[in-house]
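The lines below spell out each chain.
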Amino acid sequence: MIDAVVFDMDGVLIQSEEVWDEIRERYVTERGGRYDAEVQRAMMGMSSTEWSRYLQKTAGVPDEPQAINDEVVRRMLAAYRDHLPLIDGAQAAVRRLAGRYPLAVASSSNRPLIDTVLDVAGLAPYFKATVSSEEVAHGKPAPDVYLEAARRLGADPRRCAAIEDSHGGIRSANAAGMRVIAILNPSYPPDEESLAQADAVVRSLAELTTELIDATD
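Owing to the predicted nature of the structure, the values given are computational and were not obtained by experimental measurement.

Conventions adopted
- Residues numbered from 1 in each chain as written.
- Predicted model: local features only at pLDDT ≥ 70, side-chain atom pairs only at ≥ 80, totals over all residues.
- Heavy atoms only, no water.
- Core = buried A, V, L, I, M, F, W, Y, C linked by side-chain atoms within 4.5 Å.
- Buried < 20%, exposed > 50% of the residue type's maximum accessible area, 1.4 Å probe, protein only.
- Helix = DSSP H or I, 4+ residues; strand = E, 2+ residues; numbered from the N terminus.
- Contact = heavy atoms within 4.5 Å.
- Polar contact = N/O pair within 3.5 Å; in protein donor to acceptor, adjacent residues only side chain to side chain.
- Salt bridge = Lys/Arg side-chain N within 4 Å of Asp/Glu carboxyl O.
- Arc of directions from axis to C-beta.
- Pairing = 2+ DSSP bridges.
- Axes fitted to C-alpha atoms, helices over the stretch in contact; angles between N-to-C directions.
- Expected span 1.5 Å × (residues − 1).

Student: Describe the nonpolar core, listing the residues and the values that go with them.
Tutor: One finds Val 5, Phe 7, Leu 55, Tyr 80, Phe 127 and Ile 213 to be the most contacted residues of the largest nonpolar core, which totals 52 residues. Sort the elements by how many residues they give to this core and helix α4 (residues 65-82) lands first, with six residues. Here Phe 127 is in contact with Phe 7, Leu 13, Val 94, Leu 103, Ala 104, Val 105 and Leu 118, once residues within four sequence places are set aside. Core analysis: the second largest hydrophobic core is formed by 23 residues, Val 6, Val 145, Ala 150 and Ala 176 among them.

Structure (structure tokens):
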């Protein structure tokens with residue numbers, strides 16, 4: 001049986017990739033760097049330490065990584081407080097699964113962003129643990145963030161189900177030994193090779209039921 005469920009956040013609970021993309025593109029352009037489809041895709045799943053360093057070294061932003069990170073996060077927090085782009089069915093899905101399993105979040109977002117999203121959405125009480133990739137050694141697709149989420153839940157990763165939408169996230173959860181349910185994100189769909197590593201694929205959070213999760217075991 002599955003003992004716990006770990007949610008990704010961006011692209012699963014909130015449709016935030018477009019917000020990240022818009023804010024980072026504006027910032028990088030303002031600072032005279034390069035921002036294109038290659039840069040955008042490369043950063044998906046990276047921890048804040050990784051993507052801020054990437055923007056400096058590869059995209060040509062002339063600021064220190066910490067300054068890059070701080071400014072992007074400041075703009076993201078302002079955007080979320082103005083409008084939180086919750087995905088349809090996110091609150092219902094979390095509440096539905098929390099009635100049966102302990103829940104965690106394993107996200108590439110920064111700690112302040114995770115806390116703000118869950119607080120504004122009214123979902124913080126449903127999660128027993130939350131982990132940011134900035135709190136572990138390596139971001140997705142490395143398994144670190146999922147392994148840490150399982151540790152904080154006191155659960156065996158092999159008895160956890162992960163809810164993911166990205167190629168890096170699916171690979172991360174799979175590498176951690178978790179059962180993976182992939183949600184098809186229409187804006188940034190995972191590649192076929194990554195989807196093949198998922199134990200189940202759904203098109204919306206409405207399909208995310210306890211029966212489906214138990215069936216992945």
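Student: Residue-level account of the environment of Asn 185, with values.
Tutor: Mapped onto the secondary structure, Asn 185 falls in the loop between β5 (179-183) and α9 (192-195). Residue Asn 185 is classed as buried on the basis of its relative accessible area, which comes to 3%. In sequence terms Asn 185 and Ser 166 are 19 residues apart; their C-alpha atoms lie 7.7 Å from each other. For Asn 185, the residues in contact, after removing those within four places along its chain, are Gly 11, Gln 15 and Asp 165. Separated by 3.4 Å, the side chains of Asn 185 and Gln 15 make a polar contact. Separated by 3.0 Å, the side chains of Asn 185 and Asp 165 make a polar contact.

Student: Give me the lowdown on unusual backbone geometry, citing residues and values where you can.
Tutor: In this model, Lys 140 is joined to Pro 141 through a cis peptide bond whose omega is 15°. Summarising the element assignment, Pro 141 is placed in the loop between β3 (129-132) and α7 (144-153).

Student: I'd like to hear about the pattern of salt bridges, residue by residue, with values.
Tutor: Pairs can form between side chains of opposite charge whenever their charged atoms are close. The final tally for this structure, using the stated rule, is 21 salt bridges. Here Arg 75 and Glu 71 are joined by a salt bridge, their closest N and O atoms 2.7 Å apart. Of the two residues, Arg 75 and Glu 71 both sit in helix α4, four residues apart, roughly one turn of that helix. Here Arg 75 and Glu 71 have matching classes, each one buried. As a salt-bridge pair, Glu 148 and Arg 151 come within 2.7 Å of each other at their nearest N and O atoms.

Student: Before we move on, could you go through helix α3 (residues 48-57) and cite the residues and values that matter?
Tutor: All buried positions along α3 are accounted for by Ser 48, Trp 51, Ser 52, Tyr 54 and Leu 55. Seen end-on, α3 carries its buried residues on one side only, within an arc spanning 155°. Buried residues along α3 sit in contact with α1 (17-30), α2 (37-43) and α4.

Student: Please give an account of the sheet that holds β3 that cites residues and values.
Tutor: One open sheet holds the six strands; their spatial order is β3-β2-β1-β4-β5-β6, and the pairing between them is parallel. Looking at strand neighbours, the two that pair on one side only are β3 and β6 (200-202), the edges of this open sheet. On average, adjacent strands in this sheet sit at an angle of 20° to one another, irrespective of strand direction. Of the pairings in the sheet, the one linking strand β1 (residues 4-7) to strand β4 (residues 160-164) comprises four bridges and is parallel in character. Bridge pairing links Phe 7 to Ile 163 in β4.

Student: Got a sec to walk through α1? Specific residues and values, please.
Tutor: An α-helix turns once per 3.6 residues; consequently, residues spaced three or four apart project the same way. Across its 14 residues, α1 extends 20 Å between first and last C-alpha, which sits within 8% of the 20 Å expected from 1.5 Å per residue. Among all positions of α1, only Glu 17, Val 19, Trp 20, Asp 21, Ile 23, Arg 24, Tyr 27 and Val 28 are buried. Close packing links the buried residues of α1 with α2, α3, α4 and α6 (111-121). Gly 32 sits one or two residues past α1 and shows a positive phi near 80°.

Student: Tell me about the side chain of Ser 133, residues and numbers included.
Tutor: Within the secondary structure, Ser 133 is located in the loop between β3 and α7. Once residues within four sequence positions are removed from consideration, Ser 133 is found in contact with Ser 47, Ser 107, Ser 108, Ser 109, Gly 139, Lys 140 and Val 145.

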